[in-house]
Each structure stands twice: as C-alpha cells, then as structure tokens.
Amino acid sequence: MSIRAVIFDLDGVLVDSVTLHQRAFEEVFAELGLSGFDYSLYAGWRTPEVIATFAREKGLPLRAYEVARWAQEKSERVRAMAADIPVDGAREVIERLGGRYRLGLASSAPRAAVESFVARSGCQFDLVLSGDDVKRAKPDPEIYQISLWRLAVAASDAVVVEDAAAGVEAARAAGAQVVAISGTAPAEKLRSAGAREVLDRLADLPPWLATQG
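Residues numbered from 1 in each chain as written. Predicted model: local features only at pLDDT ≥ 70, side-chain atom pairs only at ≥ 80, totals over all residues. Heavy atoms only, no water.

Draft legend 1. Quick look at the sheet that holds strand β1 (residues 5-8). In space, the six strands of this open sheet follow the order β3-β2-β1-β4-β5-β6, with parallel pairing throughout. Strands with a single pairing partner mark the edges of an open sheet, and in this sheet they are β3 (127-129) and β6 (197-199). If you compare each strand with its neighbour and ignore which way they point, the axes differ by 20° on average. In terms of strand pairing, β1 meets strand β2 (residues 102-106) through four bridges, oriented parallel. Paired with V6 across the two strands is L103, which belongs to β2. (Pairing = 2+ DSSP bridges. Helix = DSSP H or I, 4+ residues; strand = E, 2+ residues; numbered from the N terminus. Axes fitted to C-alpha atoms, helices over the stretch in contact; angles between N-to-C directions.)

Draft legend 2. Representation of the packing of helix α2 (residues 47-57) against helix α3 (residues 64-80) in the model. Two elements in contact, α2 and α3, have axes separated by 9 Å at closest approach and are oriented at 120°. One way to sum up the angle between α2 and α3 is to call them oblique. Crossing angle aside, the handedness with which α2 passes α3 is right-handed. Where α2 approaches α3, its residues T47, P48, I51 and A52 are matched on the opposing element by V67, W70, A71, K74 and S75. (Parallel < 35°, antiparallel > 145°, perpendicular 65-115°, else oblique. Left-handed = near helix turned anticlockwise from the far one by under 90°. Contact = heavy atoms within 4.5 Å.)

Draft legend 3. Spatial organisation of the pairing of strand β4 (residues 158-162). Of all five residues that make up β4, five are buried, and the element is covered over most of its length. Along β4, one buried face is formed by A158, V160 and E162 and the opposite face, lined by V159 and V161, is buried too. Summarising the sheet, β1 and β4 pair through four bridges and their orientation is parallel. By the bridge assignment, I7 is partnered in β4 with V160. As judged from the four bridges shared by β4 and strand β5 (residues 177-181), these two strands associate in the parallel manner. In the strand pairing of β5, E162 is matched with A180. In terms of handedness, the path from β4 via helix α7 (residues 165-173) over to β5 forms a crossover that is right-handed. (Buried < 20%, exposed > 50% of the residue type's maximum accessible area, 1.4 Å probe, protein only. Right-handed = clockwise from strand over helix to strand, strands pointing away.)

Draft legend 4. Representation of the environment of R136 within the structure. Among the structural elements, R136 can be located in the loop between β3 and α6 (142-151). Looking at R136, the relative accessible area reads 41%, which means it is partly exposed. Put simply, R136 and P48 are 88 residues apart on the chain and 12 Å apart in space, counted from C-alpha to C-alpha. Ignoring any residue separated from it by four or fewer positions in sequence, one finds R136 in contact with R46 and E142. Polar contacts involving the side chain of R136 include one to the side chain of D140, which spans 3.2 Å. (Polar contact = N/O pair within 3.5 Å; in protein donor to acceptor, adjacent residues only side chain to side chain.)

Dropping the structure here:
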C-alpha cells in the first residue's frame, strides 16, 4: 500500500473530549429523567441521533424540535468545558505529516466545533469536513467517500485515523485502511470493526506510517 493521504477524525483522536462528551450527555439526559448513558456505544454518531436514539430506547420518544433543542444544549455544554483542546502532541503530528501526505479532517461534530478546533489548535489540513457537510452520519461511509474524492486519492492510498467502532466501519466501507487510537473503545472492538492497527496514542502514528513505505 502506497499511502498518499491521512484523514483524521476529531473527537477522541485530535481532541481529548470523550470524558467531556460523556458528562455533557449525562447532564442533558438527567434533565430528561434518564440515566445509564454510555458514550462509548455512540461515539462517532451525530449529537441529534444520540439524543433521539437513547431517549427512544429509554421509552421517551422526542419530537424533532425537542431533539434539536437538547442537542444544542449538549453542544453548548461541551464547548463551555473547552472540549476543543488538542491532545498532547497533536499539532506536532499534523506538522510532521503535512509535508509528506495530503491531510484531511472528517468529523461528525457540528461545523462550529470543528472550525473552533482548527482555529485554536493551529493545525493545517488540506480538507475539513464536519457533520453538517453530509446527509448520513458514521457508520455510513459518506463523509470518508467525500473526503477521498476531494483529496483526489484512491481509497487504497489513504489511511483513516479513528477512535470509535462506527468511524472504523465507515472508513472501511469507503475502502480505506484504518489506524485506530485506543481509549474511546477497547482495542478488540476496534479490530473487530476493521481497524488494521490499534495504537495507544496519536504520537505513535508517524513512526507507524514510516514503516508502511
């Protein structure tokens, strides 16, 4: 495999936000009288879909305007907790890879959150896509299919960096290879979803890519 492009997910890969998303969802659901939420089961999903699905599974179907209201509340709580702070070494990794590969950022997060990360982190990408730019969320492959097309690279020449099973499945369905970062989900689950390699931390990515030719 000749790697020409690396496409990154945001939450759990470039941003250490998993704990904050869990907390924000818990707070929102608590106001709805719901408990027992486990973010790892929904990582990679868009916020409105998480709100609607979890509430429905708990026997509380919500109307569309209610889902939109609570999704906005959850997103505001995450931003208030500074969830767009990059993981240690994220900028260095991006700078190190930028001279050799085409770089993409493809996240299910709202556009405002993605743009906030790019602005505050200083990370540079050849392509940036958010959940607002696609009709279907992960595990649907749409966001990665569009990324590959706009980066003008074949799926076989791209590596996607993900942290959630839904994201791994989306990238594999688009035909790309996947390197997963453990933490959001167990390594076994990421491998079962189709990850070619599971790394302990983002800083391990450049050395791994260097071994791939």
